[in-house]
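Okay, here's what each chain looks like letter by letter:
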Amino acid sequence: MEALSSWFTYVSANIDYIWESTLAHARISLIAVALATVFSITLGVIVQRRPLARTIVLTAAGILLTIPSLALFALFIPVFGIGNTPAIAALYLYAILPILRNTVTGLDSVSPAVVESARGMGLSTWQQLVKVRLPLAWPVIMTGIRVATLLTVGITAIAVLVGGDGLGTYVQSALTRNGLPNATEQLYVGVVFTVALGLVLDLVLAVVQRFTTAKGLRL
Amino acid sequence: MNAQAKIHLDRVVKKYPGSKVPAVEELTLDIPEGEILVLVGPSGCGKSTTLRLINRMIEPSGGRILLDGEDVTKANPDKLRRRIGYVIQQVGLFPHHTIADNIATIPKMLKWDKKRITERVDYLLDTVGLPPEQYRDRYPRELSGGQAQRVGVARALGADPDIMLMDEPFGAIDPITRERLQNEFLRLQEEMHKTIVFVTHDIDEAIKMGDRIAILGERSTIRQYDTPERILAYPVDDFVNDFIGNGSTIKGLNFLQVSSLRLSDYPALRESESAAAGLNLLQEKGRDWLVVLDGEGRPVRWASQEQLGQAGTGDMRGVGVEVGDHLKDENTLFEALELMVQSAAGRTCVVDDAGQFQGIVDMGHLNKAIRTAQSEARRHYEELEANA
Ligand SMILES: Nc1ncnc2c1ncn2[C@@H]1O[C@H](COP(=O)(O)OP(=O)(O)OP(=O)(O)O)[C@@H](O)[C@H]1O
Ligand SMILES: [Mg+2]
């Protein structure tokens, strides 16, 4: 009880900084997810009907996910230096797999009869993609984007170790100041606000998903 | 075969990569303008492949395809397909578009103006029997299978193409709905006069839908190409005969009309006459059954010698058994057969438009009609052979 009230005291005293960190956190995550979305959908469209390329690309994206996150962040320091950029680069790589895989699965799930009739009516390959295949795959792709967002928001906390911003600063501070006043409060600021940010972004994306999904496909 | 072939396939070959035998082997085929040509044959014989070659859903490995005399083998396939309606068994409506938008797909691509598109959509929905107010704004998942296929047909008719390709369009639909769709489509075709290539593996559907039928064997080779009546009357070989199956002669009766028969003189008397007069007439003509007519000269009952004998001295009112339904000129001999086997006398009465008795049809007529059709068909094939 006392711990809780002291946490609230800490939060209200530092709300401006916390808010700023949360926004920075969101920005880093969303930039990474946005880049990964563009890249993954493009790549997914290209490889979906090419069995070999598809296996290679999906496996590669899977391997990226298994690289320890701290190491992946560090790998980009020689390239981008210290700051948010190496963090975004690493997060971008993590976000690829869920979106890529869902793009491929989503396109797979489009009924062949629908594509056949689209082609039979004289829609060009491009029209088939943007008017039929992508809109039908969209709910599945969007789910991939949401998973990627949740994943990224969590890992963004590590950005601080390569000189980036975000709520990771509170976690790091708590660890280095372990036992000192406010260390526990800071740890919980890091945890609670990261989780809350993830939930809020997921909720926003859920609304976006609903409004970008064609009415005939909504349940 | 004739000068006004709308579609002409000239030694078209399709070999799928990786398969040794071609799916279509040197197929030459004329599809006459304004008719329904049915491609029918056993599963895997290459019907769908042949159909899909016409709108270049698959590219031929050899040969030429001509539409209106123009070689389209090198044309832009997307533009070609917009000129040709295409209906498939699985329909493939766009689930994310309303029914109206589905039907408007090609008109929109052709940049028709809005008003024209709306009118076209409503007209087509009406044409396929779906009230526009009710169906326009629905989504495909809100339709039954039969309704979806109707929309599929409407969508293919979107920009009023003069050619339609239909691959087992009614194949996945229950028999009752299928029959209804077939009838509706035939009625539609009577107004539209489109050139239609229709694929089915069901010979009965082929007989019903086709102005002409091409019976295909393996590798899409033509085993027989003719009108349904001639194919039924004269299957050229065992393959065709087996494919048509039992009852082909009886099915052939569907294509012969009562008007083609020469009705023989048959004893008939008004019921106001005496039974004795009836009996006399029957004995004089050497017949067993008399047609009893009412005051207006309409056939009402069959009276046998025996029944007349028992009727005593009165007139023929109430004597004999009901004649049942009558035939008219436009009825088919299949319908005649149906009535005949139900009739006590084994015969059916033919009446004119006013219902007056004209004569009777019996087994002898059918037999003769069938034999005539068969010998005409045989002569036709002999002539073809002699000219070849
Ligand atoms: N894409 C393809 N690749 C390779 N072979 C194919 C392909 N499509 C069809 N075939 C083969 O070509 C032959 C003809 O197939 P097609 O689909 O034209 O037959 P069909 O007469 O329409 O049969 P069904 O009545 O079963 O629909 C078959 O032997 C089939 O296995
Ligand atoms: Mg087929």
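Just so it is clear, the model here is predicted, and its values are computed rather than measured. (Residues numbered from 1 in each chain as written. Chains lettered and ligands numbered in written order. Predicted model: local features only at pLDDT ≥ 70, side-chain atom pairs only at ≥ 80, totals over all residues. Heavy atoms only, no water.)

S.K.: Even after reading the chapter, I still don't get the overall build of chain B, so can you show me in this structure?
M.R.: Looking only at helices and strands, chain B has 16 helices and 16 strands in total. Over its C-alpha trace chain B gives a radius of gyration of 27 Å, far above what one expects of a compact globule, namely 21 Å for 388 residues. For the C-alpha atoms alone, the extent of chain B along its principal axes is close to 85 × 55 × 30 Å. Buried residues in chain B amount to 51% of all 388 residues. For chain B, the share of sequence-separated contacts (at least 6 apart) that also reach a separation of at least 24 residues comes to 62%. A total of about 18,500 Å² of accessible surface is found on chain B, and carbon and sulfur atoms cover 46% of it. If the 48 positive side-chain charges of chain B are averaged to one point and the 60 negative ones to another, these points end up 8 Å apart. (Helix = DSSP H or I, 4+ residues; strand = E, 2+ residues; numbered from the N terminus. Rg over C-alpha atoms; globule rule 2.2 N^0.38 Å. Buried < 20%, exposed > 50% of the residue type's maximum accessible area, 1.4 Å probe, protein only. Contact = heavy atoms within 4.5 Å. Areas by Shrake-Rupley, 256 points an atom, 1.4 Å probe, with all protein chains shown as cover. Lys, Arg positive; Asp, Glu negative; His and termini not counted. Charge placed at Lys NZ, Arg CZ, Asp CG, Glu CD.)

S.K.: Can you help me understand the overall build of chain A in this one?
M.R.: Secondary structure summary: chain A contains 10 helices and zero strands in total. If you list the helices and strands of chain A from N to C, you get α-α-α-α-α-α-α-α-α-α. Burial status across chain A gives 45% buried among its 219 residues. The contacts in chain A between residues at least 6 apart in sequence include a share of 77% that link residues at least 24 apart. As displayed, chain A has an accessible area near 10,900 Å², and 71% of this comes from carbon and sulfur atoms.

S.K.: I tried to follow the site of ligand 1 on my own but got confused; where do I start?
M.R.: Residue and element names in this part refer to chain B. Lining the immediate surroundings of ligand 1 are Y16, A23, S43, G44, C45, G46, K47, S48, T49 and E168. G46 places a main-chain nitrogen or oxygen 2.9 Å from an oxygen atom of ligand 1. Side-chain polar atom of K47 to an oxygen atom of ligand 1: 2.8 Å apart, as the coordinates give it. About the coverage of ligand 1: the protein hides 55% of its 630 Å² of free accessible area. Of the residues belonging to the shell around ligand 1, the class tally is three nonpolar, five polar and two charged. (Near = heavy atom within 4 Å. Polar contact = N/O pair within 3.5 Å; in protein donor to acceptor, adjacent residues only side chain to side chain. Nonpolar A, V, L, I, M, F, W, Y, C, P; charged D, E, K, R; others polar.)

S.K.: Explain the confidence of the model for chain B to me, please; I cannot follow it from the model alone.
M.R.: Should the pLDDT be low somewhere, the predicted coordinates at that spot are not to be read in detail. Here chain B shows a mean pLDDT of 91. Residues at 70 or above account for 99%. For this predicted complex, the interface score ipTM comes out at 0.87, while the overall pTM is 0.86. (pLDDT = per-residue confidence, 0-100.)

S.K.: Is there a simple way to explain the interface of chain A and chain B in this structure?
M.R.: Interfaces are often sized by the amount of accessible area the parts lose when they come together. The interface of chain A with chain B comprises 21 residues on the first partner and 23 residues on the second. Buried surface at the junction of chain A and chain B, summed over both partners, amounts to about 1,900 Å²; 60% is from carbon and sulfur atoms. Among the residues of chain A in contact with chain B, E116(A), R119(A) and M121(A) are the three that bury the most area, contributing 32% of the side total. Our count for the contact surface shared by chain A and chain B stands at one salt bridge. (Buried area = accessible area lost by both parts, 1.4 Å probe. Salt bridge = Lys/Arg side-chain N within 4 Å of Asp/Glu carboxyl O.)

S.K.: What exactly am I supposed to notice about the domain arrangement of chain B here?
M.R.: Taken as a whole, chain B is organised into domain 1 (5-246) and domain 2 (259-367). Using C-alpha coordinates to define each centre, domain 1 of chain B is positioned 47 Å away from domain 2 of chain B. (Domains from an automatic or database assignment.)

S.K.: Please explain the UniProt feature "domain: ABC transmembrane type-1" (unreviewed entry) in chain A as it appears in this structure.
M.R.: Mapped onto this numbering, the UniProt entry annotates "domain: ABC transmembrane type-1" (unreviewed entry) at residues 22-205 of chain A. Helix makes up 82% of residues 22-205 of chain A and strand makes up 0%, while its end C-alpha atoms are separated by 18 Å. (UniProt positions renumbered as here; feature names shortened; annotations may be inferred.)

S.K.: When you look at the pattern of salt bridges in this model, what are you seeing that I'm missing?
M.R.: Pairing is possible between side chains that carry opposite charge, provided their charged atoms lie close to one another. All names here are of chain B. One pass over the structure, following the stated rule, counts 27 salt bridges over all chains. Among the ionic pairs, K108 bridges to D101, the shortest N-O distance being 3.1 Å. The exposure class of D101 is partly exposed, given its relative accessible area of 29%. Three or more residues joined by partner-sharing salt bridges are found here, namely K6, E33, D68 and D162.

S.K.: Whenever I open this one, the packing of helix α6 (residues 84-108) of chain A against helix α8 (residues 125-155) of chain A confuses me. Can you help?
M.R.: Packed helices, taken two at a time, are described by their axes: the angle between them and the distance between them. Residue and element names in this part refer to chain A. Two elements in contact, α6 and α8, have axes whose closest approach is 8 Å; the angle formed by their N-to-C orientations is 155°. Taken together, the axes of α6 and α8 lie roughly antiparallel to each other. The way α6 lies across α8 gives a crossing that is right-handed. The residue inventory of the contact of α6 with α8, partitioned by class, reads 15 nonpolar, seven polar and one charged. (Axes fitted to C-alpha atoms, helices over the stretch in contact; angles between N-to-C directions. Parallel < 35°, antiparallel > 145°, perpendicular 65-115°, else oblique. Left-handed = near helix turned anticlockwise from the far one by under 90°.)

S.K.: Mind showing me how you'd approach the UniProt feature "transmembrane region" (unreviewed entry) in chain A here?
M.R.: All names here are of chain A. Within this structure's numbering, the places UniProt gives as "transmembrane region" (unreviewed entry) are residues 28-47, 56-80, 136-162 and 187-208. With 100% helix and 0% strand, the stretch residues 28-47 has end C-alpha atoms that lie 28 Å from each other. Counted over residues 56-80, helix gives 88% and strand 0%. Its end C-alpha atoms are 27 Å apart.

S.K.: Looking at this structure, how should I read a nonpolar patch on the surface?
M.R.: Taken together, the side chains of L187(A), Y188(A), V191(A), V192(A), V195(A) and L199(A) define a hydrophobic patch exposed on the protein surface, amounting to about 510 Å² of accessible area. Mapped onto the elements of the fold, V192(A) is located in helix α10 (residues 183-212). (Patch = residues over 30% accessible without salt bridge, like charges linked within 9 Å, V, L, I, M, F, W, Y side chains within 5 Å.)

S.K.: Just to check I follow, could you spell out the sheet that holds strand β13 (residues 299-304) of chain B for this structure?
M.R.: Strands belonging to one sheet form pairs held by backbone hydrogen bonds; the direction of such a pair is parallel or antiparallel. Residues and elements named next belong to chain B. Ordered by their spatial adjacency, four strands build an open sheet running β11-β12-β13-β14, and the pairing between neighbours is mixed. Taken across any chain shown, the strands that pair with only one partner, and hence form the sheet edges, are β11 (268-270) and β14 (321-322). Summarising the sheet, β13 and β14 pair through two bridges and their orientation is antiparallel. Residue pairing in the sheet places R301 in a bridge with E322 of β14. (Pairing = 2+ DSSP bridges.)

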